[in-house]
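# Chain and residue survey
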Amino acid sequence: MSVTEKRFLKALNGETVDRPPFWFMRQAGRFLPEYRAVRATTKDFVSFCLDSEKACQVTLQPIERFGMDAAILFSDILIVPHGLGQNVRFVEGEGPRLDPVTDDAGVARLTMEGFETRVGAVYETVRLLAKRLPSDVALIGFAGAPWTVATYMVAGEGTSDQKPARLWAYRDPEGFGRLIDLVTEATIDYLAAQVEAGAEALQIFDTWAGSLPEDEMACWVFAPIARIRAALKARFPHVPVIGFAKGIGALLPRFAPATGVEAVGLDAGIPLDFVRDYVQPTAIVQGNLDPLLLVAGGDALRRRTETILRTLGPQRFVFNLGHGIVPETPPAHVGEVARIIRDWRP
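Please read all numbers here as calculations on a predicted model, not as lab measurements.

Criteria and thresholds
Residues numbered from 1 in each chain as written. Predicted model: local features only at pLDDT ≥ 70, side-chain atom pairs only at ≥ 80, totals over all residues. Heavy atoms only, no water. Helix = DSSP H or I, 4+ residues; strand = E, 2+ residues; numbered from the N terminus. Rg over C-alpha atoms; globule rule 2.2 N^0.38 Å. Buried < 20%, exposed > 50% of the residue type's maximum accessible area, 1.4 Å probe, protein only. Contact = heavy atoms within 4.5 Å. Areas by Shrake-Rupley, 256 points an atom, 1.4 Å probe, with all protein chains shown as cover. Polar contact = N/O pair within 3.5 Å; in protein donor to acceptor, adjacent residues only side chain to side chain. Salt bridge = Lys/Arg side-chain N within 4 Å of Asp/Glu carboxyl O. UniProt positions renumbered as here; feature names shortened; annotations may be inferred. Core = buried A, V, L, I, M, F, W, Y, C linked by side-chain atoms within 4.5 Å. Arc of directions from axis to C-beta. Pairing = 2+ DSSP bridges. Right-handed = clockwise from strand over helix to strand, strands pointing away.

### Quick word on the overall build of the protein chain
The secondary structure content of the protein chain amounts to 16 helices and nine strands. Taking 346 residues into account, the globule formula puts the C-alpha radius of gyration at 20 Å, and the protein chain, at 19 Å, falls close to it. Reported as C-alpha extents along the three principal axes, the dimensions of the protein chain are approximately 55 × 45 × 40 Å. Of all 346 residues assigned to the protein chain, the portion counted as buried reaches 58%. Excluding contacts between residues fewer than 6 apart, the proportion of contacts in the protein chain whose partners are at least 24 apart in sequence is 74%. Counting only carbon and sulfur atoms, one obtains 51% of the accessible surface of the protein chain, whose full area is about 13,600 Å².

### Quick word on the environment of Thr184
The residue Thr184 is located in helix H10 (residues 173-197) in this model. Along the chain, Thr184 and Trp147 lie 37 residues apart, while their C-alpha atoms are 9.1 Å from each other. The contacts of Thr184, once residues within four sequence positions are left out, are Pro146, Pro224, Arg227 and Ile228. In this structure the side chain of Thr184 is engaged in a polar contact, spanning 2.7 Å, whose partner is the backbone oxygen of Ile180.

### Some remarks on the pattern of salt bridges
This structure, assessed with the given rule, holds 23 salt bridges. The partner of Lys6 in a salt bridge is Glu200, with the nearest N and O atoms 2.8 Å apart. Residue Lys6 is located in the segment before helix H1 (7-12), and its partner Glu200 is located in the loop between H10 and strand E5 (201-206); the two are separated by 194 residues in the primary sequence. As far as the burial class goes, Lys6 and Glu200 line up, both buried. Put simply, Arg7, Asp18, Arg19, Asp69 and Arg345 are held in one network by salt bridges that share partners.

### Notes on the UniProt feature "domain: Uroporphyrinogen decarboxylase (URO-D)" (unreviewed entry) in the protein chain
Summarizing the sequence annotation, UniProt attributes the feature "domain: Uroporphyrinogen decarboxylase (URO-D)" (unreviewed entry) to residues 140-156 in the numbering used throughout. For residues 140-156, the helix share is 59%, the strand share is 29%, and the end-to-end C-alpha distance is 28 Å.

### Overview of the nonpolar core
A general tendency of soluble globular proteins is for nonpolar side chains to be buried together. Of all hydrophobic cores here, the largest spans 131 residues; its most connected members are Phe8, Phe176, Leu179 and Phe319. Apart from residues lying up to four places away in sequence, Phe8 is in contact with Pro21, Trp23, Asp69, Ala70, Ala138, Ile140, Ala201, Ile242, Gln286 and Val318.

### Observations regarding the UniProt feature "binding site: substrate" (unreviewed entry) in the protein chain
Mapped onto this numbering, the UniProt entry gives "binding site: substrate" (unreviewed entry) at Arg26, Gln27, Ala28, Gly29, Arg30, Asp76, Tyr152, Thr207 and His323. In sequence the annotated residues extend across 298 residues, and in space they extend as well, their farthest C-alpha pair lying 22.7 Å apart. Looking at the element boundaries, Gly29 is found in the loop between H1 and helix H2 (33-39). The residue His323 is located in the loop between strand E9 (317-321) and helix H16 (331-343) in this model. You can call His323 partly exposed: its relative accessible area is 23%. Discounting residues that sit within four places of it in the chain, His323 has contacts with Met25, Arg26, Thr207, Phe244, Lys246 and Pro291.

### Remarks on helix H13 (residues 272-279)
Where H13 is concerned, the buried positions are Leu272, Val275 and Val279. The arc that holds every buried residue of H13, seen down its axis, measures 80°, which confines them to one face. If you follow the buried residues of H13, they end up packed against helix H12 (252-259), strand E7 (263-265), strand E8 (284-289) and helix H15 (298-312).

### Some thoughts on the pairing of strand E6 (residues 241-245)
A regular strand places its side chains on the two faces of the sheet in alternate fashion. Counting buried residues in E6 gives five out of five residues, a clear majority hidden from the surface. Side chains Val241, Gly243 and Ala245 of E6 all project onto a buried face; the interleaved residues Ile242 and Phe244 project onto the opposite face, where all are buried too. Pairing between E5 and E6: five bridges, direction parallel. Paired with Ile204 across the bridge in E6 is Gly243. Once the chain exits E5 it traverses helix H11 (residues 214-235) before rejoining the sheet at E6, and the crossover so formed is right-handed. Across two bridges, E6 lies against E7 in parallel orientation. Looking across to E7, one finds that Gly243 is bridged to Val264. In this fold, the crossover linking E6 to E7 by way of H12 has right-handed handedness.

Here it is as structure tokens:
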């Protein structure tokens with residue numbers, strides 16, 4: 001099947017589709033027993049992400065089990081800091097730990113020299129997937145947005161309020177801007193190399209965008225993503241980009257016009273009628289089932305799935321979650337939602 005015939009890519013291009021395409025954020029992950037079996041064979045998470053064969057294998061697992069219309073590369077947003085030379089590790093049961101970057105001296109220790117060597121296994125994973133995916137399944141590459149990635153780089157871990165990065169941005173916007181600029185340039189190279197390896201669409205994750213007020217969001221969320229999108233557009237004009245700026249609420253209608261992305265990811269808290277009336281006219285939309293409803297299952301899950309399909313589908317819409325699948329999700333519930341979507345017609 002040619003690229004132009006893939007349902008997911010047709011939807012991102014604004015073309016007519018018979019039903020909404022679907023995929024789920026973190027669809028390759030700990031909720032699948034087959035994933036856990038592969039993960040147990042690798043000593044640490046960074047090594048797992050950089051093992052091309054294993055990363056390819058777990059990327060394919062949800063496609064084989066549930067028949068999504070798109071596969072997203074299995075990796076992590078903190079591979080970019082790793083590529084820049086920051087020490088990144090994952091502590092079991094606690095999450096990521098990084099050596100914090102808190103000033104100009106810390107930024108100066110980061111470098112693009114050797115970046116491709118440190119992250120090159122990711123590109124090999126993309127090449128393997130491009131060969132092994134079913135012909136009707138699109139391949140999505142991804143990266144974290146500069147703001148979200150920087151919050152981890154500055155704090156040295158995930159935080160509830162992104163306080164360390166926010167304070168640095170307030171107190172020393174020029175210094176913090178140098179970190180954002182470096183991450184932005186690295187992200188452009190990283191995503192471009194994924195496209196060259198075979199990615200057919202890209203998603204930029206700005207999970208912590210909602211922690212910023214309006215003026216700071218324009219500076220640290222909208223502007224860096226706009227730079228990334230413009231650079232990619234110049235090199236790959238036909239590769240669509242999805243931007244997921246979680247938690248930006250009423251600013252969502254501004255997001256696509258301000259950044260140039262073709263599609264907008266929706267978190268679970270955004271009202272569907274607001275999306276239909278104020279976002280969908282100017283951008284393809286993607287979302288936004290609550291991941292915890294996917295855990296709960298039952299009639300509530302079925303009703304909400306059908307409500308999302310009825311309100312936003314079938315055109316200019318990709319069905320997804322409002323954030324990533326959580327580990328305790330029963331695979332049977334994912335299968336049920338997949339069946340509802342496949343069977344649904346307007």
